Amino acid sequence: TERTYIMVKPDGVQRGLVGKIITRFEERGYKIVALKFVQPTEEHLEKHYADLRNKPFFPGLIKYMASGPVVAIVFEGLDAVKTGRAMLGATNPLASPIGSIRGDFCLAVGRNIIHGSDSVESANKEIALWFPEGIT
Ligand code: ATP
Ligand code: MG
């Protein structure tokens, strides 16, 4: 069993897609082990996306991610990181298969509604960053 960090981004929350997204993970068999609704600061998001700080889209990414509340979730289950990423689709929604979350619900790479950890190592870092109080 494994844990992954999934986050519904501000556009996903504003568009009312939180329930649909959670349902997909629950129906697949993943269990929620932590969840919160939070308005992230730019400083916090800069830590979350630290690996991307030199990318040209970084400032826009931080502004987008700070534009409203997000839903921070930890899902647990078999192969949660890799299967979670497959459920999201590709970074660019236009390259995401129909049936994936991004492939079904969005179009723009800069408004791609959901985040998922890309490795077990990132998942552990992200879970510690978003749930510093710890998870039981
Ligand atoms: P995330 O980390 O948000 O789950 P990802 O792992 O699929 O997405 P990353 O390379 O980590 O992709 O990029 C983080 C986010 O930065 C993307 O989800 C997207 O919102 C944004 N992004 C990535 N590439 C571009 C780009 N070329 N133009 C605009 N925004 C981009
Ligand atoms: Mg990423």
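These figures come from a predicted structure and were not determined experimentally. (Residues numbered from 1 in each chain as written. Chains lettered and ligands numbered in written order. Predicted model: local features only at pLDDT ≥ 70, side-chain atom pairs only at ≥ 80, totals over all residues. Heavy atoms only, no water.)

Asks: When you look at the overall build of the protein chain in this model, what are you seeing that I'm missing?
Replies: On a plain count of helices and strands, the protein chain comes out with seven helices and four strands. Mapped in sequence order, the helices and strands of the protein chain form the string β-α-α-β-α-α-β-α-α-β-α. If you line up the protein chain on its principal axes, its C-alpha atoms span 35 × 35 × 25 Å. The burial tally for the protein chain puts 45% of its 136 residues in the buried class. Sequence-distant contacts in the protein chain: of pairs separated by 6 or more residues, those separated by 24 or more amount to 76%. Here the protein chain displays about 7,200 Å² of accessible surface, and carbon together with sulfur accounts for 55% of that area. Treating the 17 positive side-chain charges of the protein chain as one cloud and the 15 negative ones as another, the clouds have centres 3 Å apart. (Helix = DSSP H or I, 4+ residues; strand = E, 2+ residues; numbered from the N terminus. Buried < 20%, exposed > 50% of the residue type's maximum accessible area, 1.4 Å probe, protein only. Contact = heavy atoms within 4.5 Å. Areas by Shrake-Rupley, 256 points an atom, 1.4 Å probe, with all protein chains shown as cover. Lys, Arg positive; Asp, Glu negative; His and termini not counted. Charge placed at Lys NZ, Arg CZ, Asp CG, Glu CD.)

Asks: I tried to follow the UniProt feature "active site" (unreviewed entry) in the protein chain on my own but got confused; where do I start?
Replies: In this structure's numbering, the residues bearing the UniProt feature "active site" (unreviewed entry) are H115. By secondary structure assignment, the location of H115 is in strand β4 (residues 114-116). Accessibility expressed as a relative area gives 8% for H115, which makes it buried. Contacts of H115, omitting those with residues within four sequence positions, involve Y5, I6, M7, K9, H48, Y49, L88, R102 and E126. (UniProt positions renumbered as here; feature names shortened; annotations may be inferred.)

Asks: Can you walk me through helix α4 (residues 58-65) in this structure?
Replies: Every buried residue of α4 is accounted for by F58, L61, I62, Y64 and M65. One face of α4 carries all of its buried residues, which in axial projection span an arc of 160 degrees. Of the residues in α4, the exposed ones pointing more than 90 degrees away from the buried face are P59 and K63. On its buried side, α4 packs onto β1 (2-8), α1 (10-14), α3 (42-48) and β3 (70-77). (Arc of directions from axis to C-beta.)

Asks: For this particular structure, what's the right way to read helix α7 (residues 120-130)?
Replies: Along an α-helix, a turn takes 3.6 residues, which lines up residues three or four apart on a common side. Those residues of α7 that fall on the buried side of the exposure criterion are S122, A123, E126, I127 and W130. End-on, the buried residues of α7 take up no more than an arc of 130 degrees, which puts them together on one face. Turned more than 90 degrees away from the buried face of α7 sit E121 and K125, all of them exposed.

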